[in-house]
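# Descriptive structure summary
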Amino acid sequence: RAFTMGEPLGEVAAPKQGLATADNSRFLRQWFEVSRSRTCFDADSRETAATSGAKWFPHLKGGEFRKWWGNQDYVINWEHDGAELWDFRPRSVIRNPNYYFKPAISWSNVSSGEPSFRIYEQGSIFGHVGQAFFPQHDVETLIGFANSSTCRSLLAVLSPTLHFEAGQLTSLPIIEATPSQHDGSIARRLMDIFRDDWNAYETSWDFQTSPLIQRSRSGGSLHDALECRWQDSLHAAHEAQDLEIENNRYWAEVYGLQDEVPIEVPLSRVSLTSNPYFHYAPSKGTVRADEEYRRLFAGDAVRDLISYGIGCLFGRYSLDEPGLILASQGETIQDYVARVPEPTFAPDDDNVIPVTQDDWFEDDIVARFRTFLKASFGEANLEENVRCIESVLGKPLRRYFLKDFYKDHCRRDSNRPIYWMVSSRPDNKASFQALIYLHRYTPDTLNTVLGDYLREFQGKLRSE
């Protein structure tokens, strides 16, 4: 009956398959690898993109299970209207280029059993894995339907496998909801919740500042900020769960499938990164206590704070200005001062942060991070906040920076780190390590490491 009554999605919103580069390592990057000054995130057409002078543009590549908003990780080389990709044909396949940069609803064509649809505003080029459809109007209505259990059940009829291709979605029956029945408010609120969740992490290009610093009072306690972040995350997860249940119920009624499709949504399937019951969901057959979820959540929140602090230390971020500051190749401290004339916490002058067994240098990473904590949370609670961090990490700060920070950074940045570790012999107790920031790298950076740090370190070791 649904297929008889409904209008095919292909007549309403044109599902399309996108571009295949045939050489992702050449044409794709994670957005944070490349210079911000050479990236355009908001082109609304091929013409606008071509005249922007940018090389890199957002690329929809599917990604993990996540509904409503997110999975905006990659950029693609579309400089000069994609000249290199056009020249790379017939290996590259450039499908439907007239739809590039238009607002879209996208999904991954390979799913873990349940498809997830996300809204993308103007600016992206969609791929053959991150396919898309392009509604002319009623965007909220369509994504609400797409992320409902009703749509999931209909898709199971069209594609019993785990693949969801554009051609299969073309036949999806759309029964139009009247405005009095559906005003799009559920979908809009869900998109807002998921957008805020995505932007709360450094892996978003719209990241503004640390969630823990946002939640701290002047001179406040990190412990209190962690508690506030935990409660806010649970509140958002439960609100999203209630809204997704309401969305399922609504579409089941529109299609007359109230008794045929599941309405309830387990908290473990509310795909917010900050939802601990989704993010740390155990494998089948195992159970986690609430205290374990809380411990894992606190650990990641503290590691995220440390990562943000190192970003402030290098000038990528600032406590005084939201968002990215230094994020383009060749930018200097002078560029930082032009943006932030009187910083609360000044970045490192020479782009070299030593990481050693003891505090051999004035700009030692532990000493500088303590200064960051003092600037962001106040001096009164500095020692208490350091103890809180070390308690959550289960080790002293120095040991974390020596042994774990760089591994965590590589994991966070999908093994494409923007802070690089220069090291002598990390297996040696007397080893020397230093962090440098990719976007501030110059031909003199390694000379600075050698002349101003390593040789001084060797001299201090001899004296010791």
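Structural data are supplied above this passage.
Residues numbered from 1 in each chain as written. Predicted model: local features only at pLDDT ≥ 70, side-chain atom pairs only at ≥ 80, totals over all residues. Heavy atoms only, no water.

### A word on the state of the cysteines
- Enumeration according to the criterion identifies 0 disulfides in this entry.
- The cysteine Cys388 is free of any disulfide, with Cys228 supplying the nearest cysteine sulfur at 14 Å.
- Judged by relative accessible area, Cys388 falls into the buried class, the value being 13%. (Disulfide = S-S within 2.5 Å. Buried < 20%, exposed > 50% of the residue type's maximum accessible area, 1.4 Å probe, protein only.)

### Some points on the packing of helix H12 (residues 290–314) against helix H17 (residues 405–412)
- H17 packs onto H12 with a crossing angle of 95 degrees between their chain directions and a minimal axis gap of 11 Å. Accordingly, the angle class assigned to the pair H12 and H17 is roughly perpendicular. Along the contact surface, H12 presents Arg303, Asp304, Ile306, Ser307 and Ile310, while H17 presents Phe405, Asp408 and Arg412.
- Partitioning the contact of H12 with H17 into residue classes produces 3 nonpolar, 1 polar and 4 charged. (Axes fitted to C-alpha atoms, helices over the stretch in contact; angles between N-to-C directions. Helix = DSSP H or I, 4+ residues; strand = E, 2+ residues; numbered from the N terminus. Parallel < 35°, antiparallel > 145°, perpendicular 65-115°, else oblique. Contact = heavy atoms within 4.5 Å. Nonpolar A, V, L, I, M, F, W, Y, C, P; charged D, E, K, R; others polar.)

### Describing the sheet that holds strand S7 (residues 117–120)
- Reading across from one edge, S2-S9-S6-S7 is the order of the 4 strands in this open sheet, with antiparallel pairing throughout. The sheet is open, and its two borders are formed by strand S2 (15–16) and S7, each paired with just one other strand. (Pairing = 2+ DSSP bridges.)

### Here's the deal with the pattern of salt bridges
- Counted according to the given criterion, the structure contains 24 salt bridges.
- Taking the shortest distance from any N to any O, the salt bridge between Glu114 and Arg269 comes out at 3.1 Å. Highlighted residues: Glu114 in the loop between strand S6 (104–108) and S7 and Arg269 in the loop between helix H10 (222–254) and helix H11 (276–279), separated in sequence by 155 residues.
- When its relative accessible area of 28% is taken as the criterion, Arg269 is described as partly exposed.
- One connected set of salt bridges, linked through shared partners, spans Lys67, Glu114, Arg152 and Arg269. (Salt bridge = Lys/Arg side-chain N within 4 Å of Asp/Glu carboxyl O.)

### Focus on H10
- Between its first and last C-alpha atoms H10 spans 48 Å; for 33 residues at 1.5 Å apiece the expected length is 48 Å, and the two agree.
- N-cap assignment for H10: the residue whose side-chain oxygen lies 3.1 Å from the backbone N of His223 is Ser221.
- Residue Gly256 follows H10 closely and has a positive phi angle near 65 degrees. (Expected span 1.5 Å × (residues − 1). Polar contact = N/O pair within 3.5 Å; in protein donor to acceptor, adjacent residues only side chain to side chain.)

### Points about the pairing of strand S9 (residues 130–133)
- With burial as the criterion, each face of S9 is covered, one bearing Gly130 and Ala132 and the other bearing Gln131 and Phe133.
- Pairing of S2 with S9 involves 2 bridges; the strand directions are antiparallel. Among the inter-strand pairings, Pro15 is bridged to a residue of S9, identified as Phe133.
- With 4 bridges connecting them, S6 and S9 associate as antiparallel partners. The partner of Ser108 across the bridge, within S9, is Gly130.

### Structural notes on the nonpolar core
- By size, the foremost hydrophobic cluster in this structure holds 55 residues, and its most contacted members are Phe117, Phe133, Phe194 and Tyr255.
- Sorting elements by how many residues they give to this core places H10 first, with 11 residues.
- Residues in contact with Phe117, not counting those within four places in the same chain, are Arg66, Lys67, Trp68, Ile105, Ser106, Trp107, Phe133, Ile143, Ala146, Asn147, Leu155 and Leu169.
- In terms of nonpolar packing, the next biggest core, distinct from the first, is built from 50 residues, Trp205, Leu324, Phe345 and Cys388 among them. (Core = buried A, V, L, I, M, F, W, Y, C linked by side-chain atoms within 4.5 Å.)

### What to know about a negative patch on the surface
- Together, Glu7, Glu11, Asp138 and Glu176 make up a negatively charged patch on the protein surface.
- Tracing the chain through its elements places Asp138 in the loop between S9 and helix H5 (139–146). (Patch = residues over 30% accessible without salt bridge, like charges linked within 9 Å, V, L, I, M, F, W, Y side chains within 5 Å. Areas by Shrake-Rupley, 256 points an atom, 1.4 Å probe, with all protein chains shown as cover. Lys, Arg positive; Asp, Glu negative; His and termini not counted. Charge placed at Lys NZ, Arg CZ, Asp CG, Glu CD.)

### Notes on the sheet that holds strand S5 (residues 74–77)
- One open sheet accounts for 4 strands, arranged S3-S5-S4-S8; its pairing is mixed. Edge positions in the sheet fall to strand S3 (28–30) and strand S8 (125–126), since each of these pairs with one other strand and no more.
- Two elements, S3 and S5, share 3 bridges in a ladder whose sense is antiparallel. Bridging from a neighbouring strand, Leu28 pairs with Ile76 of S5.

### Looking at the packing of helix H8 (residues 185–199) against H10
- Running from N to C, H8 and H10 cross one another at 150 degrees; their axes reach a closest spacing of 10 Å. When the axes of H8 and H10 are compared, the pair comes out roughly antiparallel. Crossing angle aside, the handedness with which H8 passes H10 is left-handed. Mapping the contact onto sequence places Ile186, Arg189, Leu190, Ile193 and Phe194 in H8 and Ala236, Glu239, Ala240, Leu243, Glu244, Glu246 and Asn247 in H10.
- Partitioned by chemical class, the residues of the contact of H8 with H10 number 7 nonpolar, 1 polar and 4 charged. (Left-handed = near helix turned anticlockwise from the far one by under 90°.)

### Some words on the environment of Ile174
- Positionally, Ile174 belongs in strand S10 (residues 173–174).
- Assessed through its relative accessible area of 14%, Ile174 is described here as buried.
- Expressed as a C-alpha distance, the spacing of Ile174 and Gly6, which sit 168 residues apart in the sequence, is 4.7 Å.
- If sequence neighbours within four positions are ignored, Ile174 has contacts with Gly6, Glu7, Leu9, Leu142, Phe145 and Tyr255.

### What to know about unusual backbone geometry
- Residue Pro90 is reached from Arg89 by a cis peptide bond, and omega for that bond is 10 degrees.
- In this structure, Pro90 sits in the loop between helix H4 (79–87) and S6.
- Look at Asn71: it is not a glycine, yet its phi comes out positive at around 55 degrees.
- Relative to the elements of secondary structure, Asn71 occurs in the loop between strand S4 (56–60) and S5.
- By relative accessible area, which is 5% here, Asn71 ends up buried.
- In this structure, Asn96 is a non-glycine residue whose phi angle is positive, near 50 degrees.
- Its location among the elements puts Asn96 in the loop between H4 and S6.
- Accessibility expressed as a relative area gives 27% for Asn96, which makes it partly exposed.

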